[in-house]
Amino acid sequence: MEVPRLDHALNSPTSPCEEVIKNLSLEAIQLCDRDGNKSQDSGIAEMEELPVPHNIKISNITCDSFKISWEMDSKSKDRITHYFIDLNKKENKNSNKFKHKDVPTKLVAKAVPLPMTVRGHWFLSPRTEYTVAVQTASKQVDGDYVVSEWSEIIEFCTADYSKVHLTQLLEKAEVISGRMLKFSVFYRNQHREYFDYIREHHGNAMQPSVKDNSGSHGSPISGKLEGIFFSCSTEFNTGKPPQDSPYGRYRFEIAAEKLFNPNTNLYFGDFYCMYTAYHYVILVIAPVGSPGDEFCKQRLPQLNSQDNKFLTCREEDGMLVYYHAQDVILEVIYTDPVDLSLGTVAEITGHQLMSLSTANAKKDPSCKTCNISVGR
């Protein structure tokens, strides 16, 4: 039984030696497991000797594609008409044992020159570990297949979003950013013990820490970029920071120009929601030439600090004036240490709204507003 084809979902080959898999498809029936056992209705004939793929190599890995190649003995090589690729997410030992397992993906490709590109956001997710094995096959005149034994199993991990993918997220965020409101301070809420610890153990300077895994799964800053989170949102009726916070009753406030000025660069980091109507945009402010600046320059789209849809700093009447987007919640990461003496710490009068915390929050993969057509 021939597998349905999905030619329309694949890009054209970029060069004769790097042909993209054509006629790639998801196999609804298990053709053959990795132990060589065939299902009774799979239409595969008794196994004859075909070359077994070995020395498999994975290269050119992106968040939703990879190139695969292997070596084969020359014997019976000319009889090969198809390749079967068994692709599975690597099992996580810490995963919930009651959760349904991911359905293994069986890919069927016509035998094309190697390396070939496997591409598909419907079965590949960014920053995810996979296992892969390969089998060669020869389609017979009656529609049955003769197959080789499975190759060895190898492991690889897909990549983060590239600048191209982040630019797509940026463009979607711009659509809902709303009008710009003036503000004058950045602020950071924490518990009193946090600020006591900073004074006692870090010489009064808040230190950058590694960003958690909240937001898009493919974000290149999650678990890698070091920084300090700040907010800048203001209440529409007062123009001042809100008195409620999910992060603690003590707030450090610092004049906006101390963190965001002509000596810093501004980058777009992420756009996401947490199964709610409101959306978050992560921005990164990095002093020019700092390690954080170099990290972002290689991975994130840079924004014009004076003209963008989210956060601006421009001169008006000889003074720096600051604006933030009204219709998204901005999370600003500053990549250098910040001394408490540059601002003030005081207790807020509002409530601690834990339900608004974004710590390690997972992005809603079904939201059409903040997702792009690659793995979530």
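- Per an unreviewed UniProt entry, the chain is named Phytanoyl-CoA 2-hydroxylase interacting protein like, and its organism is Moschus moschiferus.
- Listed in UniProt under the heading Function (unreviewed entry), the comment for the chain reads: "May play a role in the development of the central system."
- Listed in UniProt under the heading Sequence similarities (unreviewed entry), the comment for the chain reads: "Belongs to the PHYHIP family."

1. A short note on the overall build of the chain
- Counting secondary structure elements, the chain contains 4 helices and 23 strands.
- With 376 residues in all, the chain has 48% of them scored as buried.
- The contacts in the chain between residues at least 6 apart in sequence include a share of 74% that link residues at least 24 apart.

2. Let's talk about the sheet that holds strand E18 (residues 302-303)
- Taken together, the 6 strands give an open sheet; going across it, the order is E13-E14-E21-E17-E16-E18, and neighbouring strands pair in mixed fashion. One side of each edge strand has no neighbouring strand; the edge strands of this open sheet are strand E13 (209-210) and E18.
- Direction of pairing for strand E14 (residues 226-230) relative to strand E21 (residues 329-334): antiparallel, over a ladder of 3 bridges. Among the inter-strand pairings, Phe-230 is bridged to a residue of E21, identified as Val-332.
- Its contacts with the sheet put helix H1 (residues 163-176) on strand E16 (264-272), strand E17 (280-287) and E18, and the angle it makes with E16 is roughly 80°.

3. Overview of the pairing of strand E11 (residues 185-190)
- With 6 of 6 residues buried, E11 is to be regarded as a mostly interior element.
- Residues Val-185, Tyr-187 and Asn-189 point to one face of E11 and Phe-186, Arg-188 and Gln-190 to the other, with burial holding for every one of them.

4. With respect to the nonpolar core
- By size, the foremost hydrophobic cluster in this structure holds 57 residues, and its most contacted members are Phe-186, Met-206, Phe-230, Phe-268 and Leu-311.
- For Phe-230, the residues in contact, after removing those within four places along its chain, are Phe-186, Tyr-187, Arg-188, Met-206, Phe-252, Ile-254, Leu-259, Leu-330, Glu-331, Val-332, Tyr-334 and Val-338.
- Counting residues in each nonpolar core, the second largest holds 23 residues, with Leu-50, Tyr-83, Phe-123 and Val-132 among its members.

5. Description of the sheet that holds strand E23 (residues 344-347)
- As summarised here, the arrangement of the 3 strands in space is E11-E15-E23, forming an open sheet in which the pairing is antiparallel. Edge positions in the open sheet fall to E11 and E23, since each of these has one partner strand only. Shown here is a sheet whose adjacent strand axes are inclined to one another by a mean of 25°, direction ignored.
- Bridging between E11 and strand E15 (residues 250-255) involves 6 bridges; their strand directions are antiparallel. Counted as the bridge partner of Asn-189 is Arg-251 from E15.
- Taken strand by strand, helix H2 (residues 192-201) contacts E11, E15 and E23, and its axis lies near 105° from that of E11.

6. Thoughts on H2
- Every buried residue of H2 is listed here: Tyr-194, Phe-195 and Ile-198. Viewed along the axis of H2, the buried residues span an arc of 95°, placing them on a single side of the element. For H2, exposure combined with an orientation more than 90 degrees from the buried face picks out Glu-193 and Glu-200.
- Elements in contact with the buried residues of H2: E11, strand E12 (205-206), E15 and E23.
- Phi turns positive one or two residues past the end of H2, at Gly-203, with a value near 60°.

7. What about the confidence of the model for the chain?
- With 80% of its residues at a pLDDT of 70 or more, the chain shows a mean pLDDT of 83.
- For residues 38-43, every residue scores under 50 in pLDDT, and the model assigns this stretch 16 contacts once sequence neighbours within four places are set aside.
- For residues 95-101, every residue scores under 50 in pLDDT, and the model assigns this stretch 1 contact once sequence neighbours within four places are set aside.

Each value, and the rule that gives it
Residues numbered from 1 in each chain as written. Predicted model: local features only at pLDDT ≥ 70, side-chain atom pairs only at ≥ 80, totals over all residues. Heavy atoms only, no water. UniProt positions renumbered as here; feature names shortened; annotations may be inferred. Helix = DSSP H or I, 4+ residues; strand = E, 2+ residues; numbered from the N terminus. Buried < 20%, exposed > 50% of the residue type's maximum accessible area, 1.4 Å probe, protein only. Contact = heavy atoms within 4.5 Å. Pairing = 2+ DSSP bridges. Axes fitted to C-alpha atoms, helices over the stretch in contact; angles between N-to-C directions. Core = buried A, V, L, I, M, F, W, Y, C linked by side-chain atoms within 4.5 Å. Arc of directions from axis to C-beta. pLDDT = per-residue confidence, 0-100.

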